[in-house]
Amino acid sequence: MIEQILGIVVAFLFSVVCGFISIPMIMNFCERRKLYDIPNTRKIHKNAIPRLGGLSFLPSMLLAFLCVLFVMNGSDGYERVTMNIWSLYFMVSLLLIYGLGMIDDFIGLGAVQKFAVQIIAASLLPLAGLYLNDLYGLFGINDIPYWIGAPLTVFVIVFVSNTINLIDGIDGLSACITFIALTGFLICFAREGLWLYATLIGGLMGVLIPFLYFNLFGDASKNRKIFMGDSGSLTLGFIMGFLTVKFAMDNPNVMPFRKDSLLLAFTLLLVPVFDTTRVILVRILHRQPIFRSDKNHIHHKLMRTGLSQRQTLFTILVMDLAFIVLNQLLYRVCAATYVLVIDVVLWLVMNYCINRIIIRRGALPYCYEKTV
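A quick note: this is a predicted structure, and the numbers were derived from the prediction, not measured.

Draft legend 1. Representation of the overall build of the protein in the model. Across its full length, the protein holds 13 helices and 4 strands. The C-alpha atoms of the protein give a radius of gyration of 20 Å, which matches the 21 Å a tight globule of 372 residues would have. Each principal axis of the C-alpha distribution contributes one length, and for the protein these read about 60 × 55 × 35 Å. Looking at the 372 residues of the protein, the share that counts as buried comes to 54%. Counting only contacts in the protein whose residues sit at least 6 apart along the sequence, the fraction spanning at least 24 positions is 74%. A total accessible area of about 17,300 Å² is found for the protein, and carbon and sulfur atoms account for 69% of it.

Have a look at this one:
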């Protein structure tokens, strides 16, 4: 056990070092090539900021993971890693998403093009045998066949990928939400003895530390501030979607059956999932295109109540942690369906209260850009 935990710590620290080395290099590259995120009416920042911080995420994670495997391979608790068909499909899908985000950051891509690549990447995982095959009693449903589980898996992965991307609207929010979720997944996988996954997660968590340092505390006037861009948010989102499906899949060859697997995975991503769902439904109700950008996400609404960026970040993180703790307590006395219903009711009540505060301040609870 101590050796496995040490491996996770090493992966985390190695990735931290990689991030502190690579991110300043990326900022200098962006300065030379003028690759900036330019402010507009929808965005909150006022200065041109480098947007390629996410380029450091995947290389740092993989380097840290491979470093630990090189040292620990064959020792007790670490099985030898072989490149089987499942590993190959996962790596190909991850590289597709990373490449998609990188291309979008450099030249820009349309929503249809991005969704097409995301669907292709997500589809590789069910083809390799990874899919949601059990809803653990949610709405009275347990085992589900492959022909339902496979498209459901693709939907979940693509949806989660975009929730992380869409909530990336203020400094530190997407990275902090992801860091909290990764911490939960690390504990879950380590508890089941899946140390390779825990080590991989530790490597990803590590690079988020230097990113958050430059993103939250960097000085834009000195080119020391950076955004993650789509290469970061889409990569984080895809990995989060993969971890959700991996942990929620009932596979006795990997880990014993846990009736709370799906609820645990969902709870760790509840805030971005609920926020994206609400925004899409509001767009439909207001007869707006569902892919049209607006300022109706939870961070936009909280800032319209008068909160600063830092106060908004803190509020959402407290909200995220509160839902995680609440669901853990509720599941001890309620079935998963009732827990979900309680979550939805609380989310609706909270958003209603936020809307009332916004209206009292003389602002509009929903904000859309004017079209010409």
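Having seen the structure, we can now continue with the description.
Draft legend 2. Fine view of the side chain of serine 161. Mapping serine 161 onto the fold places it in helix H5 (residues 146–166). Looking at serine 161, the relative accessible area reads 2%, which means it is buried. Among the polar contacts listed, one links the side chain of serine 161 to the backbone oxygen of isoleucine 157, at a separation of 2.7 Å. Ignoring anything within four residues of it in the chain, the contact list for serine 161 reads Gln118, Ser233, Leu234, Gly237 and Phe238.

Draft legend 3. The arrangement of the packing of aromatic side chains in detail. In the structure shown here, the tally under the stated rule is 15 aromatic pairs. Judged by centre distance (6.5 Å) and plane angle (70 degrees), the ring pair of phenylalanine 29 and phenylalanine 106 falls under edge-to-face. Remark: phenylalanine 106 occurs in helix H3 (residues 85–106) and phenylalanine 29 occurs in helix H1 (residues 2–33); sequence separation between them is 77 residues. What makes phenylalanine 106 partly exposed here is its relative accessible area of 35%. Summarising the aromatic geometry, the rings of phenylalanine 274 and tryptophan 347 are spaced 5.8 Å apart at their centres and angled 70 degrees between planes, so their arrangement reads as edge-to-face. Within this pair, whereas phenylalanine 274 is found in helix H10 (residues 270–285), its partner tryptophan 347 is found in helix H13 (residues 336–360), the two being separated by 73 residues in sequence. Accessibility classification places phenylalanine 274 together with tryptophan 347 in one group, the buried group.

Draft legend 4. Region of the structure containing the pairing of strand S3 (residues 134–138). Counting buried positions along S3 yields 4 of 5 residues, so the element is predominantly enclosed. The pairing of S3 with strand S4 (residues 141–143) spans 2 bridges and is classified as antiparallel. If you follow leucine 138 over to S4, its bridge partner there is isoleucine 141.

Draft legend 5. Local environment of the pattern of salt bridges. For the structure shown, the criterion picks out 7 salt bridges. The salt bridge involving glutamate 192 is made with arginine 258; its shortest N-O contact spans 3.5 Å. Taken as a pair, glutamate 192 in the loop between helix H6 (173–191) and helix H7 (195–217) and arginine 258 in the loop between helix H8 (229–248) and helix H9 (261–267) lie far apart in primary sequence, 66 residues in all. For arginine 258, the salt bridge identified is with aspartate 260, shortest N-O distance 3.3 Å. What makes arginine 258 partly exposed here is its relative accessible area of 24%. What you see here is one network of salt bridges that share partners, running through Arg191, Glu192, Arg258 and Asp260.

Draft legend 6. A look at the nonpolar core. Membership of the largest hydrophobic core comes to 105 residues, with the highest contact counts inside it found for Leu182, Phe185, Phe189, Ile201, Phe238, Phe242 and Leu243. With 14 residues, H7 is the largest single contributor of residues to this core. Residues in contact with phenylalanine 242, not counting those within four places in the same chain, are Trp86, Phe90, Leu125, Leu130, Ile157 and Tyr197.

Draft legend 7. Highlighting the environment of alanine 175. Looking at the secondary structure, you find alanine 175 in helix H6. Taking the C-alpha atoms as reference points, alanine 175 and asparagine 215, 40 residues apart in sequence, are found 9.5 Å from one another.

Draft legend 8. How the structure looks around the packing of H6 against H8. Where H6 contacts H8, the axes come no closer than 11 Å and their chain directions differ by 30 degrees. Between H6 and H8, the interaxial angle falls into the category roughly parallel. Crossing handedness for the pair H6 and H8: left-handed. On H8, the residues that touch Thr178, Ala181, Leu182, Phe185, Cys188, Phe189 and Arg191 of H6 are Leu236, Met240, Leu243, Thr244, Lys246 and Phe247. Taken together, the residues that form the contact of H6 with H8 break down as 9 nonpolar, 2 polar and 2 charged.

How each quantity is defined
- Residues numbered from 1 in each chain as written.
- Predicted model: local features only at pLDDT ≥ 70, side-chain atom pairs only at ≥ 80, totals over all residues.
- Heavy atoms only, no water.
- Helix = DSSP H or I, 4+ residues; strand = E, 2+ residues; numbered from the N terminus.
- Rg over C-alpha atoms; globule rule 2.2 N^0.38 Å.
- Buried < 20%, exposed > 50% of the residue type's maximum accessible area, 1.4 Å probe, protein only.
- Contact = heavy atoms within 4.5 Å.
- Areas by Shrake-Rupley, 256 points an atom, 1.4 Å probe, with all protein chains shown as cover.
- Polar contact = N/O pair within 3.5 Å; in protein donor to acceptor, adjacent residues only side chain to side chain.
- Phe/Tyr/Trp six-rings, centres within 6.5 Å; stacked < 30°, edge-to-face > 60°.
- Pairing = 2+ DSSP bridges.
- Salt bridge = Lys/Arg side-chain N within 4 Å of Asp/Glu carboxyl O.
- Core = buried A, V, L, I, M, F, W, Y, C linked by side-chain atoms within 4.5 Å.
- Axes fitted to C-alpha atoms, helices over the stretch in contact; angles between N-to-C directions.
- Parallel < 35°, antiparallel > 145°, perpendicular 65-115°, else oblique.
- Left-handed = near helix turned anticlockwise from the far one by under 90°.
- Nonpolar A, V, L, I, M, F, W, Y, C, P; charged D, E, K, R; others polar.

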